[in-house]
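Here are the chains, one letter per residue:
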Amino acid sequence: MAGLVGLARMRGARSIAIGSGRDPASVDAVRALADGWDGEVVLELTWPETAASWMRQATRFAGADADLWIMFGPPLGWAQLTRRLLWSTPWDPARALLAAAVSDPRALDLVGRHNLTGIAGVTRAGQPWYVGADDRIVMMRGFER
């Protein structure tokens, strides 16, 4: 959690929207982040792991008036929602941060890294990264939490 908060502060965020799958670990992580955030939490949203459409959740999430969107796993539901965000909303991956569960390259590949330029997150060890313009995952150095 400290890594996500540090990354959000580094990006100058004062307000955040937090989204997650509905599994207990993700819901608990959202609650911990919301409780620990010293700025404004404008939205907390969950999405299903499987659905006919993620349009309602994507529209609400993208419509949140926040500096950053912070997203938690599990990977499959996150990928489905992220595709819907990309296809149907003005959501910008460069304004999104990912928790460790969806920071795995395999999760990013479910959406396609070429679609996620600028998205950033933290690994399970708290190491920050971002997807560069060449679709590569770039580990950030000298990061202070």
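Please refer to the structure placed before this passage.
The structure reproduced in this document is the subject of the present report.

**Section: the pairing of strand E6 (residues 128-131)**
Next, step 1: Sheet topology note: the strand E5 (residues 120-122)/E6 ladder contains 3 bridges and is antiparallel. Counted as the bridge partner of Ala 120 is Tyr 130 from E6.
Next, step 2: From the end of E5 to the start of E6, which pair antiparallel, there are 5 residues, and Gly 126 there has a positive phi angle of about 90°.
Next, step 3: Counting the residues in the hairpin turn of E6 and strand E7 (residues 137-139) gives 5 residues, including Asp 135, whose phi is positive at 70°.

**Notes on the side chain of Thr 82**
Next, step 1: Structurally, the position occupied by Thr 82 is in helix H4 (residues 75-88).
Next, step 2: In this structure Thr 82 touches Met 71, Trp 91, Val 111 and Leu 116, once residues within four positions along its chain are discounted.

**A closer look at unusual backbone geometry**
Note: most peptide bonds trans; most residues except glycine with negative phi.
Next, step 1: Of the consecutive residues Gly 73 and Pro 74, the connecting peptide bond is found in the cis state with omega at 10°.
Next, step 2: The residue Pro 74 is located in the loop between strand E3 (68-71) and H4 in this model.
Next, step 3: Even without being glycine, Asp 135 reaches a positive phi, approximately 70°.
Next, step 4: Here Asp 135 lies in the loop between E6 and E7.
Next, step 5: On the basis of relative accessibility, which here comes to 28%, the residue Asp 135 falls in the partly exposed class.

**With respect to helix H3 (residues 55-62)**
Next, step 1: Buried residues of H3: Gln 57, Ala 58, Phe 61 and Ala 62, and no others. Within H3, the buried residues cover an arc of 120° as seen down the axis, which keeps them to one side.
Next, step 2: Buried residues in H3 make contact with strand E1 (15-21), strand E2 (40-47), E3 and H4.

**Re the sheet that holds E1**
Next, step 1: Pairing is mixed across the open sheet formed by 7 strands, whose spatial order is E2-E1-E3-E4-E5-E6-E7. Sheet topology places E2 and E7 at the edges, where each strand pairs with a single neighbour. The average undirected angle you get between the axes of adjacent strands in this sheet is 25°.
Next, step 2: Where E1 meets E2, 7 bridges bridge the pair, whose relative direction is parallel.

**Considering the packing of aromatic side chains**
Next, step 1: According to the stated counting rule, one finds 3 aromatic pairs in the structure shown.
Next, step 2: Seen in terms of ring centroids, Trp 47 and Phe 61 are 6.0 Å apart; in terms of plane orientation they differ by 70°. Their pairing is edge-to-face. Of this pair, Trp 47 sits in strand E2 while Phe 61 sits in helix H3; the two residues are 14 residues apart in sequence, bridging distant segments of the chain. The residues Trp 47 and Phe 61 share a single accessibility class, namely buried.
Next, step 3: Aromatic pair Trp 69 and Trp 91: ring centres 6.1 Å apart, planes at 45°, arrangement tilted. Of this pair, Trp 69 sits in strand E3 while Trp 91 is found in the loop between H4 and strand E4 (96-98), placing the two residues 22 residues apart along the sequence. Trp 91 matches Trp 69 in its accessibility class, with the two residues each being buried.
Next, step 4: Over the ring of Trp 69 we find Arg 95, and its NZ or CZ is 4.3 Å from the ring centre.

**Thoughts on the layout of surface pockets**
Next, step 1: Of the volumes computed, that of the largest pocket is approximately 260 Å³.
Next, step 2: For the lining of the largest pocket, the secondary-structure elements that each account for two or more residues are helix H1 (2-10) and helix H2 (24-36).
Next, step 3: Residues that form the lining of the largest pocket fall into these classes: 11 nonpolar, 5 polar and 3 charged.

Quick notes on the rules
- Residues numbered from 1 in each chain as written.
- Predicted model: local features only at pLDDT ≥ 70, side-chain atom pairs only at ≥ 80, totals over all residues.
- Heavy atoms only, no water.
- Pairing = 2+ DSSP bridges.
- Helix = DSSP H or I, 4+ residues; strand = E, 2+ residues; numbered from the N terminus.
- Contact = heavy atoms within 4.5 Å.
- Buried < 20%, exposed > 50% of the residue type's maximum accessible area, 1.4 Å probe, protein only.
- Arc of directions from axis to C-beta.
- Axes fitted to C-alpha atoms, helices over the stretch in contact; angles between N-to-C directions.
- Phe/Tyr/Trp six-rings, centres within 6.5 Å; stacked < 30°, edge-to-face > 60°.
- Lys NZ or Arg CZ within 6 Å of the ring centre and 35° of its normal.
- 1 Å grid on protein atoms, 1.4 Å probe; cavity = no way out; pocket = protein on both sides within 12 Å on 5 of 7 lines; lining within 4 Å.
- Points joined across faces, edges and corners; volume = space filled by probe spheres on them.
- Nonpolar A, V, L, I, M, F, W, Y, C, P; charged D, E, K, R; others polar.

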